[in-house]
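Given next are the chains, with one letter for each unit.
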Amino acid sequence: MATIHDSTDQSARRRTNVAQDPSFEDTDSIAGIPDDVWDPNDTGLVDNPLLRLRPDEVDNLAKRFVRQYNLENHEDVFLKAGKVLRDPEAWLSVPRLTLEEKDALRHETSSGFWKQPKQLQVTIITLCVAAVVQGWNQTGLNGANLNWPMQLGLTNLEGCEVKGSDAWIFSIVNAATYLSASLVGCWLSDPLNEYFFGRRAAICVSAAIILASVVGAACTRTWQELLACRVLLGIGMGCKASVVPVLAAEVSPAHIRGSLVMNWQLFDAFGIFCGFTANLVVSQVGPTSWRWQVASSALPTIVLLSLIYVCPESPRFLMRRGYYKKAYQNLVLLRYHPILAAKELLYVHCQTEVESRFLGQGRRPAQLYDGAGPRTDKIMNRFGPQSATARPANYWRRLYQLFSIKRNQRAMIAAVVFSQQLCGVNALQFFSSTLFCDARGSNQDEASLTNPKYLEPLFLSWGIGLANFLFAFPAYYFIDRKGRRWLLLVTIPLMALTILAAGLSFLIPIDSSAHVPVIAFFTFLFIAFYSCGMGPVPFTISAEVFPMEQRMVGMSFAVFTNLFGAGLLALFVPALTNAIGHIGLLGIFAGLNVVAFVLVFFFVRETAGAAVGGGAFGSMISVSLEELNYIFGVSTKVHAKYQWKTVLPWAWQYYILRDEDCADQPEKLYTWAGQEKQEVPKLV
């Protein structure tokens, strides 16, 4: 949630504004939040449902909340948490806070990952292992592609390329994993969450499928058997890719959520590096080396299966199923102090009730609260126990809501318009060994596979994996400080230039000593820029942008578009390379990077605090997952118009003309409740 830990007179001004707002008594509002605050939220208001409550009403809300969800033993901490939530900037004025609680609140948004509780650290590390499994599996067949076609009966070979009808078999085997992941695996993640109860169970099932598939692939005797194992592998990878980033987003504190969720890409890159390393280690085994390359990813998969149930279940998933007591217990494990856990639980509950109302999912309780007056009765009916979280919509309804609700449509646009497949990185990662082998201009025969000269393509591919991992680290610093969108807009133009240069480098005569080094240089530069932007950002944003009810199915859709694109690349890149050459292929991807930049500029919204700027003292405010509902309440038209008429002129004046009178930042599209320059919109 949004917090700045200093006491200011802003809270007093906010209460004054709210008290003067005659619309508060509207019976169709939730704690006074305007009905049009979400769709369309074209005023850009990011609201707090507790802001408009009086102190006694916050106390009543907290008391009834703990009674309803069997948290009576923790009533005192929830009462204090409610007061902190009502005035986050004036938390020092909350009575009866202990020294430990004050210390926890003071350091809530300044504690890095290694100062977080051990349980959160173990959870994130386990999810990093899951990402390593993903990357390792992506590259297991990369090195094997130099050997398995000949071993499994594909004889139409020319150098490192498979030709004729065998080329399509080669492509189908490579593409099968990503096609099955996108068409089957990612869509299984939501049912696995629901019917096996939890994020952890879905990850466990997917890891078991992956383990069986890689062991089976190492024992295959025909390309048809290898194809079947690759299909099974894709199902496990697709499911895991949909769940792991969501779990990371749901357990992470808001102020470091971006850096923790981007671990998916960072350690996916590390897994790619490990896969390339394994390819090198076993490359000299002989004709069976490809079997060891394919099977090597079993090692991290076994580690993942051993660790996954050490981690606590996602508190937000438990809340969605109505298990608030267990959710609070897990939050206590994941946060520095119970006051932080209570604050997050109560705030998420209130925001999800608002979410349920405005997404058309909420149901009013059958019986009103009584004994506290009509105003409190009305408020408690909005935050009552019969919430939509207790009885989730079925799978098909959630899928329908994903496409029918405008707020979700905008989230889908943000999740898919910058698909990694537009930039061309997977074309390099899937076929880097083959590409560098072609760059050397060598001819292949069975005996030469053990020749040391054939280690060069594998070493260059290994370098790509290492660069992909190492250059992701700068994103750790920028993703929560500058924002996700900023990383994309800075790195995509550089990616377009470097991949174009890599393609043009193929014009250097093949017998020149500069041919391979120049191609490798620009390829590594491209990977470096990719690792800072298009690598970590897409999965991070996709895991954040959807409401809790549709988060899993929304992430499934985002992973579907990503992996389906990867499957199409694996299927068509070999044939396309034969038709237009490496120059034409990489030139196409350079143009697609330009398209991606335009799409990001107009349609991708910032999900970090950079979207709404800093608070009274200039520090960036972290945005909770639930507060993103207000960000995506702004219509696409208004958002695109803001980029065209506000951001673009400011960028021209600030960066090109270097106008000293130009502000350091453009005027913000979004405004925190209580900091509005204009009045809060009246209720209709």
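Because the structure is predicted, anything quoted here is derived from the model rather than measured.

Asks: Requested: an account of the overall build of the protein, with residues and values cited.
Replies: If you tally the helices and strands in the protein, you get 28 helices and 4 strands. Sorting the 684 residues of the protein into buried and exposed places 62% on the buried side. Of all intrachain contacts in the protein linking residues separated by at least 6 positions in sequence, the fraction that spans at least 24 positions is 81%. Accessible surface for the protein amounts to roughly 25,500 Å². Of this, 62% is attributable to carbon and sulfur atoms.

Asks: Which residues make up a nonpolar patch on the surface, and what values do they have?
Replies: Where nonpolar side chains cluster on the molecular surface, the patch consists of Trp168, Ile172, Leu568 and Phe572 and spans about 360 Å² of accessible area. For the nonpolar patch, the elements supplying multiple residues, two or more each, are α7 (164–195) and α26 (551–603). For Leu568, the location among the structural elements is in helix α26. Looking at Leu568, the relative accessible area reads 33%, which means it is partly exposed.

Asks: Which residues make up the packing of aromatic side chains, and what are the values?
Replies: For any pair of aromatic rings, the description rests on two quantities: the centre-to-centre distance and the angle between the ring planes. In total, this model carries 27 aromatic pairs according to the counting rule given. Summarising the aromatic geometry, the rings of Tyr654 and Tyr655 are spaced 5.0 Å apart at their centres and angled 85° between planes, so their arrangement reads as edge-to-face. In textbook terms, an aromatic cluster arises when at least three aromatic residues are bridged by ring pairs, as seen for Phe267, Phe270, Phe273, Phe469, Phe473 and Tyr476. The ring of Trp486 carries the charged tip of Lys482 above its face, separated from the ring centre by 5.7 Å.

Asks: How would you sum up the environment of Cys662? Please name residues and give values.
Replies: Locating Cys662 in the fold gives a position in the loop between α28 (636–656) and β4 (671–672). For the pair Cys662 and Ala651, spaced 11 residues apart in sequence, the C-alpha to C-alpha distance is 9.5 Å. With sequence-adjacent residues up to four places away left out, Cys662 is seen in contact with Trp650, Gln653 and Tyr654.

Asks: Explain the packing of α26 against α28 to me, using residue names and the numbers behind them.
Replies: α28 packs onto α26 with a crossing angle of 105° between their chain directions and a minimal axis gap of 8 Å. As far as their axial angle goes, α28 and α26 are roughly perpendicular. Contacts between α26 and α28 pair Phe601, Phe602 and Phe603 from the former with Thr636, His639, Ala640, Gln643, Trp644, Val647 and Leu648 from the latter. Partitioned by chemical class, the residues of the contact of α26 with α28 number 7 nonpolar, 3 polar and no charged.

Asks: Give a detailed account of the nonpolar core, specifying residues and quantitative values.
Replies: Within the largest apolar cluster, 110 residues are counted, with the highest numbers of intra-cluster contacts made by Trp187, Ile203 and Phe526. Residue contributions to this core peak at 18 residues, all from α26. Among residues more than four places away in sequence, those in contact with Phe526 are Cys423, Gly424, Val425, Leu428, Met495, Thr498, Ile499 and Asn593. By size, the runner-up hydrophobic cluster in this structure holds 33 residues, among which are Ala81, Leu97, Leu318 and Leu346.

Quick notes on the rules
Residues numbered from 1 in each chain as written. Predicted model: local features only at pLDDT ≥ 70, side-chain atom pairs only at ≥ 80, totals over all residues. Heavy atoms only, no water. Helix = DSSP H or I, 4+ residues; strand = E, 2+ residues; numbered from the N terminus. Buried < 20%, exposed > 50% of the residue type's maximum accessible area, 1.4 Å probe, protein only. Contact = heavy atoms within 4.5 Å. Areas by Shrake-Rupley, 256 points an atom, 1.4 Å probe, with all protein chains shown as cover. Patch = residues over 30% accessible without salt bridge, like charges linked within 9 Å, V, L, I, M, F, W, Y side chains within 5 Å. Salt bridge = Lys/Arg side-chain N within 4 Å of Asp/Glu carboxyl O. Phe/Tyr/Trp six-rings, centres within 6.5 Å; stacked < 30°, edge-to-face > 60°. Lys NZ or Arg CZ within 6 Å of the ring centre and 35° of its normal. Axes fitted to C-alpha atoms, helices over the stretch in contact; angles between N-to-C directions. Parallel < 35°, antiparallel > 145°, perpendicular 65-115°, else oblique. Nonpolar A, V, L, I, M, F, W, Y, C, P; charged D, E, K, R; others polar. Core = buried A, V, L, I, M, F, W, Y, C linked by side-chain atoms within 4.5 Å.

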